[in-house]
Amino acid sequence: RNSGTEQATRHAKVVIVGAGPAGLTAAIYAGRALLEPVVFCGLKGSQLLQTTDVENFPGFPGGILGPDLIDKMTAQATEAGATFEYEEVHGIDTSTRPLRVAHGWDPEAPEWMTADTVIIATGAAAKRLDIPGTGDGPNGFWQRGVSACAVCDGAIMAKDTQSFVIGGGDAACEEALYLTKFASEVHLVVRRDALRASVVMANRVKEHPKIQIHWNSNVKEVTGGDRMEKLILHNSASGEDVEMA
């Protein structure tokens, strides 16, 4: 993004875009090097803020809650000399030196600052499906039975349960195979009549005794109480709805 003639209001030696484990690690190292990093957290923050138990991060044998881990890393980065801005970064002008960073609440009227170095550590965002009952808030079961990461949450959420994976590609097949370590049965919900996954991966799924494939199907709704308890599968070929718990 070209910054045009907009006046920069301040300068930083290092700007870090993102406040997940990668961004905070960069902030700790930059702070210890006396570079006084400025970290832009964005409006949503790290995906770990929406995660419950984290059991695969070094140093926490009994696991730690995602928000607690971010709090500890943020405190450590602050002690090292990092400062935090809870705003979005809307653009970076790399055509000039120092670099120019657009930030603030309004993407149409951002503030500009300069930086000698910009570290982009924005991570990833889960692609959620627009299915009733899978969102955040009191009417949704996100992180209360609904997840986007089998490796992150499978050992806790899927243990001794019937688990469902939506998709027919390599990623979905990998998640389904991983969940067989914990779930009593894994249901792979595929909207077509064939898998898009590689032949090797597809064959592993089809031959696994704990995986049941539901062809021409999609999840219509997720329901429950304090946690997800059941879902409704719709078969596009037959037009039938089946409730599964």
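As shown above, the structure is provided for reference.
Right, let's walk through the structure included here.

### Examining the nonpolar core
Working step 1: With 19 residues, the main nonpolar core has Leu188 and Ile211 as its most contacted residues.
Working step 2: Mapped by element, the contributors of at least two residues to this core are helix H4 (170-179), strand E10 (185-189), helix H5 (199-207) and strand E11 (211-214).
Working step 3: Beyond its immediate sequence surroundings of up to four residues, Leu188 is in contact with Val165, Gly167, Ala172, Cys173, Ala176, Leu195, Val205, Ile211, Gln212, Ile213 and His214.

### Quick word on the state of the cysteines
Working step 1: Per the counting criterion, the structure on display carries one disulfide.
Working step 2: With no disulfide partner, Cys173 has as its closest neighbouring cysteine sulfur the one in Cys149, 16 Å distant.
Working step 3: With relative accessibility at 0%, the residue Cys173 sits in the buried group.

### Points about the pairing of strand E8 (residues 111-120)
Working step 1: Where strand E1 (residues 8-17) meets E8, seven bridges bridge the pair, whose relative direction is parallel. Looking across to E8, one finds that Val15 is bridged to Val118.
Working step 2: By the bridge criterion, five bridges tie strand E7 (residues 99-104) to E8 in an arrangement that is antiparallel. Within E8, the position partnered with Ala102 by the bridge is Trp112.

### A few points about the sheet that holds strand E13 (residues 228-235)
Working step 1: Sheet architecture is open: three strands sit in the order E12-E13-E14, paired in antiparallel fashion. Either end of the sheet is taken by a strand with one partner, and the two such strands are strand E12 (217-224) and strand E14 (241-244). Direction aside, the axes of adjacent strands within the sheet are offset by 25 degrees on average.

### Quick notes on H4
Working step 1: Buried within H4 are the following residues: Ala172, Cys173, Ala176, Leu177 and Leu179. Mapping the buried residues of H4 onto a view down its axis gives an arc of 165 degrees, with all of them on the same face.
Working step 2: Buried residues along H4 sit against helix H3 (150-157), strand E9 (162-166), E10, H5 and E11.

### Focus on the environment of Leu24
Working step 1: Assignment of secondary structure puts Leu24 in helix H1 (residues 21-32).
Working step 2: For the pair Leu24 and Leu65, spaced 41 residues apart in sequence, the C-alpha separation works out to 17 Å.
Working step 3: Residues in contact with Leu24, not counting those within four places in the same chain, are Ala19, Ile70, Met73, Thr74, Ala77 and Phe84.

### Focus on the packing of H3 against H4
Working step 1: Look at H3 against H4: their axes get within 10 Å of each other, and the N-to-C directions meet at 30 degrees. Comparing the axis directions of H3 and H4 gives the class roughly parallel. In this structure, H3 meets H4 at a crossing whose hand is right-handed. Contacts between H3 and H4 involve Ala150, Val151 and Gly154 on the former and, on the latter, Glu175, Tyr178 and Leu179.
Working step 2: Classifying every residue of the contact of H3 with H4 gives four nonpolar, one polar and one charged.

### Structural notes on the side chain of Ser217
Working step 1: Mapped onto the elements of the fold, Ser217 is located in strand E12.
Working step 2: Once residues within four sequence positions are removed from consideration, Ser217 is found in contact with Val189, Val190, Arg191, His234 and Asn235.

### Some words on the environment of Gly169
Working step 1: Topologically, Gly169 is positioned in the loop between E9 and H4.
Working step 2: In the structure, Gly169 is positioned 49 residues away from Asn218 in sequence and 15 Å away in space, judged by C-alpha atoms.

Here is what the cut-offs are and how they apply
Residues numbered from 1 in each chain as written. Predicted model: local features only at pLDDT ≥ 70, side-chain atom pairs only at ≥ 80, totals over all residues. Heavy atoms only, no water. Core = buried A, V, L, I, M, F, W, Y, C linked by side-chain atoms within 4.5 Å. Buried < 20%, exposed > 50% of the residue type's maximum accessible area, 1.4 Å probe, protein only. Helix = DSSP H or I, 4+ residues; strand = E, 2+ residues; numbered from the N terminus. Contact = heavy atoms within 4.5 Å. Disulfide = S-S within 2.5 Å. Pairing = 2+ DSSP bridges. Axes fitted to C-alpha atoms, helices over the stretch in contact; angles between N-to-C directions. Arc of directions from axis to C-beta. Parallel < 35°, antiparallel > 145°, perpendicular 65-115°, else oblique. Left-handed = near helix turned anticlockwise from the far one by under 90°. Nonpolar A, V, L, I, M, F, W, Y, C, P; charged D, E, K, R; others polar.

Just distances and angles here, no functional claims.
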